[in-house]
Amino acid sequence: MPRQSCQLRATLSPSAAERQALGRLRIGGGRRLHGIVHVAGAKNAALPIMAAAILADEPIRLDRVPCLADVETLASVLRRLGIDVHRSDDGSLSVETIDRRAFHTGYAHVRRMRASFCVLGPLLARRRRAVVSLPGGCRIGPRPVDLHLRGLAALGADLRIERGNVVAHASRLRGARIDLAGPSGTTVTGTTNVMSAAVLASGVTTITSAAVEPEIVDLGRFLNRMGARIEGLGTSTLRIHGVEQLGGADYRVIPDRIEAATLLLAGAITQGRVTVAGVEPDHLASVLDQLDAAGFQLDVESDRITLASCGPARPRDIVARPYPGMPTDLQAQWTALLALAPGTSRVVDTVFPQRFQHLAELQRLGADVRLEGANAAIRGVGELAGAPVRATDLRAGAALVLAGLAAKGETVVSGLNHLDRGYEDLDGKLARLGAEIRREEVHDMIDHRACCIPLVGPVNRNSASRAGC
Ligand code: UD1
């Protein structure tokens, strides 16, 4: 059972969230990983699919929705919008609209998770009104939403920004031609917002420069299962014939290609042999090409991939690009692997050019990595040395865990709230592959005399005073 709460009952209370932020992973590095792990459903497909359930007039049942903090956050957003979300005993997620009157999403949730913004298109299309907080920037650089708004405006929505909220209204959306190209290419969640709105617009919508990520295709298939008419999924031109209403659906979310790749990279960085099962190998083509070029043996079957190592990675140049290129959500993990590749490597991120917060933390582990212009320049070292490090965002956290698995001695990764947003039971899966990895919650840390950590809530305060801090 994953360590994250999978109850989907209530939003994390602030003190629970803070406790999670204070949690940390203690990793004894140097063990080769060996064995098989099963990959969870894709976070970035599950979130827009859950949001699109706002469009349905009948109950939705979703399989393979991962147990993640982000899924819980979105479930809380949906509940506030009058939608019942609960996890059944068989692990599936049921989503059903009970009351259609609400249309306001507060800042608290959008601040916690940008993907909450995915409710904008569905709310506008089904309830004709939406007030959704602007997500603002984040640690991986500027995250504008101008393309989302431009697309929805082209569909006839009246949009304005008021006190940090997008206030949107449309008596009926109308099909239009919309181009979603921005200065950095297309937008993934922008495509989900505009596509989800266009399915209930009158007439035909053509979206050009649409994102082609597997998660977009998955959302489109889900919408079509509910009765939408979307053509061109998986290409950059989508043609959407608007329909009057959408019904219910049973749907299984695709496997998480980022989690699968992260686990393969964990096998690679420890020079082990790891099989990821329940995956869609086609979604991982760019990753497999690079792992192959880096010297790892790969055995690819229909739904599983085995990576075997014969030494450290060979140096590589990695360029993160939109699909089918190397995902930006893997560049930090690649940086960790290449930090141990003898020779010189380079990592560039064309999607989020400022996404290099992990470099400073990797340096703390002894990596020779630095920013040169917009590139990470990496000179492989023979060994990393364990140290305390802090995850600054989700994928940076994954990179630090990978580095910790390979480092000599003990690495303590804090900032687990980031990791738990996007990886289902990462520590449990790594432990089952033979890693020495242990999660410390706040109460463990107090037991371990970590007295200088900020204290949260009355329970901890009492424990702390008992511990004489
Ligand atoms: C999604 C993923 C995230 C991934 C990213 C890129 C989800 C929930 N998140 O994020 O994990 O890292 O795709 O694959 O699916 N941009 C604009 N204007 C906009 C929107 C985006 O200029 O209106 C720019 C961004 O600054 C960025 C680029 O477009 O440089 C891509 O961003 P986008 O695809 O929108 O990322 P997200 O959808 O937020």
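In what follows, the structure referred to is the one given above.
Residues numbered from 1 in each chain as written. Predicted model: local features only at pLDDT ≥ 70, side-chain atom pairs only at ≥ 80, totals over all residues.

Participant: Report on the nonpolar core, specifying residues and quantitative values.
Facilitator: Ile49, Leu74, Leu124 and Val199 are the most contacted members of the largest nonpolar core, which has 81 residues in total. It is helix α2 (residues 43–52) that provides the largest number of residues to this core, a total of seven residues. Beyond its immediate chain neighbours, meaning those up to four positions away, Leu74 contacts Leu47, Met50, Ala51, Met113, Ala115 and Ser116. Val279, Ala332, Ala336 and Leu402 belong to the second largest nonpolar core, which has 71 residues in total. (Core = buried A, V, L, I, M, F, W, Y, C linked by C-beta atoms within 7 Å. Buried ≥ 20, exposed ≤ 12 C-beta atoms within 10 Å, placed from the backbone. Helix = DSSP H or I, 4+ residues; strand = E, 2+ residues; numbered from the N terminus. Contact = placed C-beta atoms within 7 Å.)

Participant: Pulling in residues and values, what's your account of the site of the ligand?
Facilitator: Asn44, Leu147, Ser184, Thr187 and Thr189 are the nearest of the 23 residues found near the ligand. Secondary-structure elements contributing two or more residues to the shell around the ligand are α2, α6 (146–154) and α7 (188–198). Considered class by class, the residues forming the shell around the ligand number ten nonpolar, eight polar and five charged. Two domains share the shell around the ligand, each providing at least three of its residues, namely domain 1 (14–40 + 255–460) and domain 2 (43–252). (Near = placed C-beta within 6 Å. Nonpolar A, V, L, I, M, F, W, Y, C, P; charged D, E, K, R; others polar. Domains from an automatic or database assignment.)

Participant: Lay out the environment of Ile140 in plain terms, naming residues and giving numbers.
Facilitator: In this fold, Ile140 is placed in the loop between β7 (129–133) and α6. For Ile140, a count of 22 C-beta atoms within 10 Å gives the class buried. Between the C-alpha atoms of Ile140 and Arg355, which are 215 residues apart in sequence, the distance is 4.5 Å. Not counting chain neighbours up to four residues away, the residues in contact with Ile140 comprise Phe352, Gln354, Arg355 and Asp393.

Participant: So, the packing of α2 against helix α3 (residues 69–80): which residues are in play, and what are the values?
Facilitator: Running from N to C, α2 and α3 cross one another at 5°; their axes reach a closest spacing of 10 Å. Classified by the interaxial angle, the pair formed by α2 and α3 is roughly parallel. In this structure, α2 uses Lys43, Ala46, Leu47, Met50 and Ala51 to contact α3, whose residues at the interface are Asp70, Val71, Leu74 and Leu78. Grouping the amino acids of the contact of α2 with α3 by side-chain chemistry returns seven nonpolar, no polar and two charged. (Axes fitted to C-alpha atoms, helices over the stretch in contact; angles between N-to-C directions. Parallel < 35°, antiparallel > 145°, perpendicular 65-115°, else oblique.)

Participant: Account for the packing of α7 against helix α8 (residues 214–225), naming residues and giving values.
Facilitator: One way to put it is that α7 packs onto α8 with a least axis distance of 10 Å and a crossing angle of 15°. Taken together, the axis directions place α7 and α8 in an arrangement best described as roughly parallel. The chirality of how α7 crosses α8 is right-handed. Contacts from Val188, Thr191, Thr192, Met195 and Ser196 in α7 reach Ile216, Leu219, Gly220 and Leu223 in α8. In terms of residue class, the contact of α7 with α8 is made up of five nonpolar, four polar and no charged. (Left-handed = near helix turned anticlockwise from the far one by under 90°.)

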